[in-house]
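Given next are the chains, with one letter for each unit.
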Amino acid sequence: VSAITQEGRSVFTGKVKAYDGMTRSYDVEKGEFESLNRNHNHSLVINLGGPLTFKQNDRATFFFSGEKIWDDGYLPHNRREMTTGIGKINLRPTNDLKVVLNGNYYSRDILRYQHRDVNQISYDFNLNGLGKVQNKSYSFGTKVTYPPSQNTSLTLKLHHFYTDIKQAPQQLFD
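Residues numbered from 1 in each chain as written. Predicted model: local features only at pLDDT ≥ 70, side-chain atom pairs only at ≥ 80, totals over all residues. Heavy atoms only, no water.

Chemist: An account of the overall build of the chain is requested, with residue identities and associated values reported.
Modeler: For the chain, the helix and strand inventory stands at zero helices and seven strands. Ordered by position from the N terminus, the helices and strands of the chain form the series β-β-β-β-β-β-β. Going through the 174 residues of the chain one by one, you find that 26% of them count as buried. Put simply, 54% of the contacts in the chain that link residues at least 6 apart link residues at least 24 apart. Element-wise, carbon and sulfur atoms account for 53% of the exposed surface of the chain, whose accessible area totals about 12,100 Å². (Helix = DSSP H or I, 4+ residues; strand = E, 2+ residues; numbered from the N terminus. Buried < 20%, exposed > 50% of the residue type's maximum accessible area, 1.4 Å probe, protein only. Contact = heavy atoms within 4.5 Å. Areas by Shrake-Rupley, 256 points an atom, 1.4 Å probe, with all protein chains shown as cover.)

Chemist: Summarise the pattern of salt bridges; cite the residues concerned and give the values.
Modeler: Across all of its chains, the model carries five salt bridges by this definition. Lysine 98 serves as the salt-bridge partner of glutamate 7, at 3.4 Å between the closest nitrogen and oxygen. In this pair, glutamate 7 is assigned in the segment before β1 (13-27) and lysine 98 in strand β5 (residues 98-111), connecting sequence segments 91 residues apart. Since its relative accessible area comes to 34%, glutamate 7 is described here as partly exposed. The salt bridge involving lysine 68 is made with glutamate 81; its shortest N-O contact spans 2.8 Å. Linking lysine 68 in strand β3 (residues 60-71) with glutamate 81 in strand β4 (residues 79-91), this pair joins segments that are 13 residues apart in sequence. (Salt bridge = Lys/Arg side-chain N within 4 Å of Asp/Glu carboxyl O.)

Chemist: Give me the lowdown on the side chain of serine 65, citing residues and values where you can.
Modeler: Within the secondary structure layout, serine 65 lies in strand β3. Exposure remark for serine 65: the relative accessible area of 19% places this residue in the buried category. Among the polar contacts listed, one links the side chain of serine 65 to the side chain of asparagine 47, at a separation of 2.5 Å. Setting aside anything within four residues of it in sequence, one finds serine 65 in contact with Ile46, Asn47, Thr84, Gly85 and Ile86. (Polar contact = N/O pair within 3.5 Å; in protein donor to acceptor, adjacent residues only side chain to side chain.)

Chemist: Give a description of the packing of aromatic side chains that names residues and reports values.
Modeler: The tally for this structure, following the rule as stated, stands at two aromatic pairs. Aromatic pair tyrosine 138 and phenylalanine 140: ring centres 6.2 Å apart, planes at 5°, arrangement stacked. Accessibility expressed as a relative area gives 32% for tyrosine 138, which makes it partly exposed. Residue classification places phenylalanine 140 among the partly exposed residues on the basis of a relative accessible area of 45%. (Phe/Tyr/Trp six-rings, centres within 6.5 Å; stacked < 30°, edge-to-face > 60°.)

Chemist: Which residues make up the pairing of β4, and what are the values?
Modeler: Each regular strand displays side chains that alternate between the two surfaces of the sheet. Sheet analysis places β3 next to β4, joined by 12 bridges and oriented antiparallel. Of the residues in β4, the one forming a bridge with tryptophan 70 is glutamate 81. Pairing between β4 and β5: 13 bridges, direction antiparallel. Paired with isoleucine 89 across the bridge in β5 is leucine 101. Hairpin connection between β4 and β5: a loop of six residues separates the two successive antiparallel strands. (Pairing = 2+ DSSP bridges.)

Right under this line is the structure:
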C-alpha cells in the first residue's frame, strides 16, 4: 500500500478540530433507552506543518497529522479508543538530493458488546465473556532520491512495518 502524505511548506500551517457527543444510553436491566445526555464520545484532530527551522525556506520541512477518538457508545461493554498519527520530514541538503523520513502509528482498544454468544446464550447480565480487541501498528521509513543526470533518477527506499492484534475475552488481557 502506498499513501501520499502532505508535505510541509516554507510557512507554518495548522488546524485543530474537536467534537463532543451526546447519546441516549440503553439500560440493559430496564430494557429501555434513557434521556439524551452528554456522553464520553470525543474526537481531536491536529494537523501541523512548516519549516523545521525558523528560516522561511523549504530545505527542511515537516508535516504531522494526528487523531484521537474516545467513544463509550450507548450499550454496556461497548467502547473504543483509537489513536492515529502520521508524520513526514523532507530534507533537501543540495538542490539535487532529496531525503524523506516518514512514519505512522495506529492504536485501537475496543470492547465489543454482542447480545448473544455462539450458543445463543445472552450476555445481558454477565458481561465477563464479551470480547476485547487491541491493535497496535507502526511503520517508519526513508526515501533518498538523487538524479545523476537529466534522464536518470536513483531512489533508495527502506521501510519497517510492525503490527500486533489481540482478541479475547476482557479478563484474559493484562
